[in-house]
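Each chain is listed here by its residues.
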Number of protein chains: 2
Amino acid sequence: MTVTIYDVAREAKVSMATVSRVVNGNPNVKPATRDRVNEVIERLNYRPNAVARGLASKKTTTVGVIIPDISNIYYSELARGLEDVATMYKYQTIISNSDNDPQKEREIFNNLLSKQVDGIIFLGGTLSNETAGLIKTSSVPVVVSGTEDNDSSLPAVNIDYRAASREVTEKLVKDGARQFAFVGGGYSEKARHEVMAGMKEVLTANDIDIDDQAVYIGNEQYLDGAKAFEQLKALKPEVILCISDEQAIGLVHAAQDSGLSIPEDLQIVSFNNTRLVQMVRPKLSSVMQPLYDIGAVGMRLLTKFMNDEEIDDNQVILPYHIDYRGTTK
Amino acid sequence: MTVTIYDVAREAKVSMATVSRVVNGNPNVKPATRDRVNEVIERLNYRPNAVARGLASKKTTTVGVIIPDISNIYYSELARGLEDVATMYKYQTIISNSDNDPQKEREIFNNLLSKQVDGIIFLGGTLSNETAGLIKTSSVPVVVSGTEDNDSSLPAVNIDYRAASREVTEKLVKDGARQFAFVGGGYSEKARHEVMAGMKEVLTANDIDIDDQAVYIGNEQYLDGAKAFEQLKALKPEVILCISDEQAIGLVHAAQDSGLSIPEDLQIVSFNNTRLVQMVRPKLSSVMQPLYDIGAVGMRLLTKFMNDEEIDDNQVILPYHIDYRGTTK
DNA sequence: ATGAAAGCGCTAACAC
DNA sequence: GTGTTAGCGCTTTCAT
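What counts, and at which threshold
Residues numbered from 1 in each chain as written. Chains lettered and ligands numbered in written order. Predicted model: local features only at pLDDT ≥ 70, side-chain atom pairs only at ≥ 80, totals over all residues. Heavy atoms only, no water. UniProt positions renumbered as here; feature names shortened; annotations may be inferred. Contact = heavy atoms within 4.5 Å. Buried area = accessible area lost by both parts, 1.4 Å probe. Salt bridge = Lys/Arg side-chain N within 4 Å of Asp/Glu carboxyl O. Polar contact = N/O pair within 3.5 Å; in protein donor to acceptor, adjacent residues only side chain to side chain. Helix = DSSP H or I, 4+ residues; strand = E, 2+ residues; numbered from the N terminus. Nonpolar A, V, L, I, M, F, W, Y, C, P; charged D, E, K, R; others polar. Least-squares fit on C-alpha atoms with pLDDT ≥ 70 in both. Near = heavy atom within 4 Å. Buried < 20%, exposed > 50% of the residue type's maximum accessible area, 1.4 Å probe, protein only. Patch = residues over 30% accessible without salt bridge, like charges linked within 9 Å, V, L, I, M, F, W, Y side chains within 5 Å. Areas by Shrake-Rupley, 256 points an atom, 1.4 Å probe, with all protein chains shown as cover. Lys, Arg positive; Asp, Glu negative; His and termini not counted. Charge placed at Lys NZ, Arg CZ, Asp CG, Glu CD. 1 Å grid on protein atoms, 1.4 Å probe; cavity = no way out; pocket = protein on both sides within 12 Å on 5 of 7 lines; lining within 4 Å. Points joined across faces, edges and corners; volume = space filled by probe spheres on them. Axes fitted to C-alpha atoms, helices over the stretch in contact; angles between N-to-C directions. Parallel < 35°, antiparallel > 145°, perpendicular 65-115°, else oblique. Left-handed = near helix turned anticlockwise from the far one by under 90°.

- Looking at an unreviewed UniProt entry, one finds chain A named Catabolite control protein A, with Macrococcus lamae as its source organism.
- The record in UniProt for chain A states the following under Function (unreviewed entry): "Global transcriptional regulator of carbon catabolite repression (CCR) and carbon catabolite activation (CCA), which ensures optimal energy usage under diverse conditions."

Following this line, the structure appears as structure tokens:
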């Protein structure tokens, strides 16, 4: 049978309270007793039952992670960052895929609360008002990584998409481009909005029109890039800003297949900065956002909430930079 | 304060046992009482405490997942498959990254057991004897996906790497190739062994020598592909079999950069079948293994163990097929 | 420094 | 069909 704290106590001729103290590193134990207890723990191969501990202490040292799709390379990179700092702080993570569906998000959220997690990280490009509302009623701290709610009241970590978009657009306009198009889609509604806004700001400031037709919203997949190109090609865009790397690569290939030269005839910049940008030829010009860190910093922020540490700012904006590689002139 | 089963019982004027029954769908409750209890549950927004339930019932409806690296597109695809069927069976998953380090695997394993998970899925190309031994002592069922232990005694789901390797090699030999090389690395020691074995079997049968120098073992990353090419190029291989897609793509680019034509001068086949194979030009010829299903079937197998269902065979071999795309003639 | 005892919120006999 | 009660394995006052 499983060995309990009681077995250890009896064997070490102390009370279970003392065993509990040595297991939890409480200093109020005479070194001699401590050693004796540790010896018994070792000998009996005693392993504390985290469930019982969780019930008694109301702390489970587990955090929940709500993620759109773990098989998406963008999110799995965030997940790795977040998991590493969770481990660092002795937390385990329960990860669930939501497909960014508010209905599933609600279910996952309730499951997580029922499991008594100490905190929750919400990952996703889109944060519906419905889900944002749910989060605001949460009994445990929640931080949001890679997106934010509409009035930015939730703790969140992001990059400044709009500024990045502005910077890219300015550079390309300065270099002579006039025909811009935009491709977004998938889970990244927030990013989509910001990137478009940044682009439009700069274009407007430069008296450049952007056609309503020059915006394609699909999903974030490779194959969708070809569809995007299909819709946009009639407009003969000189530049396409694209959120998703996979979609951008699809775009590059579709354009090449139709006889265009990249970047001579068409320039493409993506915003997700997954490892993929390096793995195609020409290499994708892209906004480098620190994916791993967005996850990691989000989890660090969450640990602060969970341990009632002081928070200087619950809206963290991480730096980005832009790498102009092979898909821009 | 949090509302407990007591509160519901009092409010509904029944005993907590009855509340427990309706919450757990026990049929021994009069419909009228059931409705009354449900109404109170709704009104009080009662949510069962899974930790308390776990302590009392010794079942947590959570399974542990030990994964080398969730940010690796190969493993994250397995993870998605596994998570989907876990959800289907009402389990949550605690996912931890091991980097395939036996030391970390041990820690994670103990954490998981301490959390009283109902079962564990082990993912990884390499299963050390140390970890295999640990698994065999486990008090909860463990299934292994995408690898196996040395004497194949653990429940596992895989494809037949050796057969796939044989098939590829035969085809390319038949088409005239004589100079073969192999590139492996990263987490996939088992796959590496099998693929090499399959290749050598066929080469030997055809009286073709393979140089010891024609084997490169590194990591599974894109940049490592260039290193592999650097080592192998002097041998002027006509064919390179490569486990990892990322590495294979690196190989393709390095070969092209050195002036070779793919597939005319060099043919490359990879074995991981991540989405990447479609996303490069030329498209990678590869062994198509059902990644999502390897994860999904592994989890399904685990649910059978957890629910004491009958198991017909605990060694599942899933089918594969081979797609000859742009990197083979 | 150590022990006794009261829960934590629930399930699972067992009784009625 | 419903209630009573004894745990599950631990933490946490409160004494001593």
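**Things to note about the interface of chain A and chain B**
- Listed by partner, the interface residues are 46 residues for chain A and 46 residues for chain B.
- When the buried surface of chain A facing chain B is broken down by residue, Arg80, Lys115 and Met279 of chain A rank first, second and third, together holding 17% of it.
- Where chain A meets chain B, there are eight salt bridges.
- Ionic pairing is found between arginine 281 of chain A and aspartate 257 of chain B, a salt bridge with its closest N-O pair at 3.3 Å.
- If you look at where chain A meets chain B, you find 30 residue pairs in polar contact (both at pLDDT 80 or more).
- Secondary-structure elements contributing two or more residues to the side of chain A that touches chain B are α4 (50-57), α5 (73-88), β2 (92-97), α6 (102-114) and α11 (245-257) of chain A.
- Looking at the side of chain A that touches chain B residue by residue, the classes come out as 17 nonpolar, 18 polar and 11 charged.

**A closer look at the relation of the copies chain A and chain B**
- Once chain A has been moved 0.0 Å along the axis and rotated by 180°, it coincides with chain B to within an RMSD of 0.1 Å. Classification of the inter-copy transformation places it as that of a two-fold axis. Across chain A, the rotation axis passes nearest the C-alpha of isoleucine 94 of chain A, at a separation of 2.2 Å.
- When you check the interface residues of chain A against chain B, 100% turn up at the interface there too, and the contact is symmetric in its surfaces.

**Regarding the protein's contact with DNA strand D**
- With respect to spatial proximity, 27 residues lie near DNA strand D, and among them Ile5, Ser20 and Tyr46 of chain A together with Arg21 and Lys30 of chain B are the closest.
- Taking all atoms of DNA strand D within 4 Å of the protein, the share assigned to sugar and phosphate is 59%.
- At 3.1 Å, a side-chain N or O of asparagine 24 of chain A approaches a phosphate oxygen of DNA strand D.
- A distance of 2.8 Å separates a phosphate oxygen of DNA strand D from a polar atom in the side chain of threonine 33 of chain B.
- Taken together, the elements giving at least two residues each to the surface near DNA strand D come down to α2 (16-23) and α4 of chain A together with α2 (16-23) and α4 (50-57) of chain B.
- Take the surface near DNA strand D: its biggest share by element is four residues, from α4 of chain A.
- Of the residues belonging to the surface near DNA strand D, the class tally is 12 nonpolar, 10 polar and five charged.

**Comments concerning the UniProt feature "domain: HTH lacI-type" (unreviewed entry) in chain A**
- Here the UniProt feature "domain: HTH lacI-type" (unreviewed entry) sits at residues 3-57 of chain A.
- When the span residues 3-57 of chain A is considered, its composition is 69% helix and 0% strand, and the gap between its end C-alpha atoms is 20 Å.

**A closer look at the protein's contact with DNA strand C**
- As a matter of local geometry, DNA strand C sits amid 28 residues, with Ser15 and Arg21 of chain A together with Ile5, Ser20 and Tyr46 of chain B nearest to it.
- A share of 61% of the atoms of DNA strand C within 4 Å of the protein falls on sugar and phosphate groups.
- Between DNA strand C and threonine 18 of chain A, the relevant distance is 2.8 Å, taken from a phosphate oxygen to a side-chain nitrogen or oxygen of the residue.
- Those elements giving two or more residues to the surface near DNA strand C turn out to be α2 and α4 of chain A together with α2 and α4 of chain B.

**Let's talk about the pattern of salt bridges**
Residue and element names in this part refer to chain B.
- One pass over the full model with this rule turns up 41 salt bridges over all chains.
- Of the charged contacts, one joins glutamate 194 and arginine 162 as a salt bridge, the two residues approaching to 3.0 Å between their closest N and O atoms. In this pair, glutamate 194 is assigned in helix α9 (residues 189-205) and arginine 162 in helix α8 (residues 161-174), connecting sequence segments 32 residues apart.
- Taking relative accessible area as the criterion, glutamate 194 reaches 14% and is therefore assigned buried.

**Observations concerning a negative patch on the surface**
- A contiguous patch of negative charge, built from Asp207, Asp209, Asp211 and Asp212 of chain A, is present on the exposed surface.
- According to the relative accessible area criterion, aspartate 209 of chain A is exposed, its value standing at 70%.

**Describing empty space enclosed by the protein**
- Taken as a whole, this structure holds two cavities of 30 Å³ or more when the rule is applied.
- Put simply, the largest cavity is a space of about 210 Å³.
- As for the largest cavity, its lining consists of 13 residues, of which Val51 and Lys115 of chain A together with Val51, Thr62 and Lys115 of chain B are closest to the centre.
- Those elements that place two or more of their residues in the lining of the largest cavity are α4 of chain A together with α4 of chain B.
- Sort the elements by how many residues they give to the lining of the largest cavity and α4 of chain A lands first, with three residues.

**Examining the packing of helix α1 (residues 5-12) of chain B against helix α3 (residues 31-44) of chain B**
Residues and elements named next belong to chain B.
- Where α1 contacts α3, the two axes come as close as 9 Å, and the packing angle between them is 125°. Accordingly, the angle class assigned to the pair α1 and α3 is oblique. In the crossing of α1 with α3, the sense of the turn from one axis to the other is right-handed. The segment α1 lies against α3, with Asp7, Val8, Glu11 and Ala12 engaging Arg36, Val37, Val40, Ile41, Arg43 and Leu44.
- For the contact of α1 with α3, a count of residues per class yields six nonpolar, no polar and four charged.

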